[in-house]
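Per-entry structural report
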Amino acid sequence: MARTRPETGSTLDGFVIGELIHRGGMASLWDVRRAGDDTPLLMKIPVLQEGEDPAAIVSFEMEQMIMPRLRGPHVPRHVANGDFAVQPYIVMEQIPGPTLVPQIGRLPLEVEMLAGLGAAIADAVQALHDQDVIHLDLKPSNIMFRASGEAVLIDYGLAHHRALPDLMQAEFRLPYGTAPYMAPEQVMGIRNDPRSDIFALGALLHFFATGVRPFGDPQKLKGLKQRLWRDPVPPRRLQPAIPPWFQEIVLRCLEVKASRRFPTAAQLAHALRNSTQVRLTARAERRERDGFFTVLRRKGEPLFSLIDRPPTHLPEASDAPIVGLAVNLDDMTPELGDTLRRTALRILEGAPQARLALLNVLKLNRIAMDQTLDADGNNKHVQRLVGLKDWARPMKIEEGRVTYHVLEAVEPAEAILDYARLNNVDHIIMGARANSTMRKLLGSVSARVAAEAPCTVTVVRNRQPADR
């Protein structure tokens, strides 16, 4: 076992150890540098001493396996691992700034600020899920932000990687996590459902909006299991100023059955960024917890009947994509409109949990002052929104599965691309404009979107009749 004791100024595998940044119960964090590299780095060293919980060692092994496989701005860049035979450690990029922990002293936060915060965290969660990893320990101390605004998730000791052996599952029977944020299925030992992270984010949003943890902070398994039958106090009872749409989102995240939550973190992020499009249910207006007899009935049921069974197929973004359908109401033939609607419906039929976002761009003048009212005194934005809903009505898509967005921009292509990037759109459908001199001179919106979009793009064109 390791004998090295890290000290400021010592060298370990080419890394010069600087100041101790944090000493926790399971690991210490050190500022380190490497010769010829000015990048601020962090070395994480596990606590290995007499009486140490073996789960702490196993979780460090898991983190050493998972971190080298992660990429992107939402995770710290992995640099190196140390061998357990000499000195186990993980060296990673050092993210400047604090975690979300200092925000706890400022609770409750304003909902508009919190919605933006939550959407950024949901983006990071989705990026993790896209890499086959479930975090399983989302909490304020494991969330940081880059100066550019992206959320960064840290600490992967309890995470589950679909392609790796789950040592925590194989070696231990007790549930591991942080009590206020653990999902019901996680309490029951299920570690392979990505929607557990959505529950944890819902618990964080509830706490940050009200200042009250939705399930307290139980320290025993009996207390943890209460969330299987006891619902949280609705946020609007604790803070009446919270809008219905925010409570709708939070309580949907906190559903006991994972199948009743948002199917993906991307859809949760979309809801948080588009509050006016959130479909409200009875959850939105609740002011009281479930009654005594309802809770008593649940307590009498077998525990595993209260949660969803372990999924045989893990939900992915491809199972619940966000599909953007860009509609140009100013240049739409009936034939092209029918083709666009049929194309969108075919895609939705193949993905029952997909969401459709109807997009229309209200083009602004580049130089001249824009007028918000038309010649008849009607608000142009509202008129476009009404027109978009009228155009979509023949599709007969159930309420809650479709949202409508009028984007105001000088460049239509840029507006569609920005929307797709911000909302993690998986597929864009749009029509090609008819041949025209202007299209040949300036290029087409669909061509630019197809060339630059971060997702699949389907450009629909009606077949042109052959020349006779």
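Up top you'll find the structure we're talking about.
Notes on the structure follow. (Residues numbered from 1 in each chain as written. Predicted model: local features only at pLDDT ≥ 70, side-chain atom pairs only at ≥ 80, totals over all residues. Heavy atoms only, no water.)

The next thing to look at is the overall build of the protein chain. In terms of helices and strands, the protein chain carries 17 helices and 15 strands. In terms of C-alpha radius of gyration, the protein chain reaches 25 Å, essentially the compact-globule figure of 23 Å for 468 residues. In terms of its C-alpha atoms, the protein chain occupies a principal-axis envelope of roughly 85 × 65 × 45 Å. Evaluated residue by residue, the protein chain yields a buried proportion of 50% over its 468 residues. A gap of 5 Å separates the mean positions of the 58 positive and 55 negative side-chain charges of the protein chain. (Helix = DSSP H or I, 4+ residues; strand = E, 2+ residues; numbered from the N terminus. Rg over C-alpha atoms; globule rule 2.2 N^0.38 Å. Buried < 20%, exposed > 50% of the residue type's maximum accessible area, 1.4 Å probe, protein only. Lys, Arg positive; Asp, Glu negative; His and termini not counted. Charge placed at Lys NZ, Arg CZ, Asp CG, Glu CD.)

Let's shift gears to the nonpolar core. Judged by nonpolar contacts, the single largest core of 64 residues is most densely connected at Tyr156, Phe208, Phe246, Ile249 and Leu268. Those elements that place two or more of their residues in this core are helix H1 (54-66), strand S6 (89-93), helix H2 (111-129), strand S9 (151-153), helix H3 (167-171), helix H5 (195-210), helix H8 (244-253) and helix H9 (265-273). If sequence neighbours within four positions are ignored, isoleucine 249 has contacts with Phe262, Leu268, Ala271, Leu272 and Val278. (Core = buried A, V, L, I, M, F, W, Y, C linked by side-chain atoms within 4.5 Å. Contact = heavy atoms within 4.5 Å.)

The description of an aromatic ring pair rests on the distance of the ring centres and on the angle between the ring planes. Enumeration over the complete set of coordinates arrives at six aromatic pairs. Relative to phenylalanine 208, the ring of phenylalanine 207 lies with its centre 5.8 Å away and its plane at 75°, an arrangement referred to as edge-to-face. Accessibility expressed as a relative area gives 4% for phenylalanine 207, which makes it buried. Here phenylalanine 208 falls in the buried class, since its relative accessible area comes to 0%. With a centroid separation of 5.7 Å and an interplanar angle of 85°, the aromatic rings of tryptophan 245 and phenylalanine 246 are classed as edge-to-face. By relative accessible area, tryptophan 245 is classed as buried at 12%. The lysine or arginine in question, arginine 252, covers the ring of phenylalanine 262, its NZ or CZ lying 4.2 Å from the ring centre. (Phe/Tyr/Trp six-rings, centres within 6.5 Å; stacked < 30°, edge-to-face > 60°. Lys NZ or Arg CZ within 6 Å of the ring centre and 35° of its normal.)

Look at the link from leucine 107 to proline 108: it is a cis peptide, with omega at 0°. Tracing the sequence through the fold places proline 108 in the loop between S6 and H2. With phi around 50°, aspartate 13 is a residue other than glycine that occupies positive phi space. Tracing the backbone shows aspartate 13 in the loop between strand S1 (11-12) and strand S2 (15-23). On the basis of relative accessible area, aspartate 13 is assigned to the exposed category, the value being 54%. Not every positive phi belongs to a glycine, and aspartate 132 is a case in point at roughly 70°. Structurally, aspartate 132 can be placed in the loop between H2 and strand S7 (133-134).

The next thing to look at is the pattern of salt bridges. Going through the model one piece at a time under the given rule, you end up with 29 salt bridges. With a closest N to O distance of 2.5 Å, arginine 273 and aspartate 123 form a salt bridge. Taken as a pair, arginine 273 in helix H9 and aspartate 123 in helix H2 lie far apart in primary sequence, 150 residues in all. Residue classification places arginine 273 among the partly exposed positions, given a relative accessible area of 27%. Between arginine 341 and aspartate 338 there is a salt bridge, and its shortest N-O distance comes to 2.9 Å. (Salt bridge = Lys/Arg side-chain N within 4 Å of Asp/Glu carboxyl O.)

Each strand in a sheet pairs with another by means of backbone hydrogen bonds, the pair being arranged parallel or else antiparallel. Read from one edge to the other, the open sheet built from five strands follows the order S13-S12-S11-S14-S15, with strand pairing classed as parallel. Each edge of the sheet is formed by a strand with only one pairing partner; in this case those strands are strand S13 (402-409) and strand S15 (456-460). Sheet twist, expressed as the mean angle between neighbouring strand axes with direction ignored, is 20°. Here strand S12 (residues 355-363) pairs with S13 via eight bridges, running parallel. Note that in S13 the partner of leucine 359 across the bridge is histidine 405. Of the strands in this sheet, strand S11 (322-326), S12, S13 and strand S14 (427-431) are in contact with helix H15 (residues 412-422), which crosses S12 at around 150°. (Pairing = 2+ DSSP bridges. Axes fitted to C-alpha atoms, helices over the stretch in contact; angles between N-to-C directions.)

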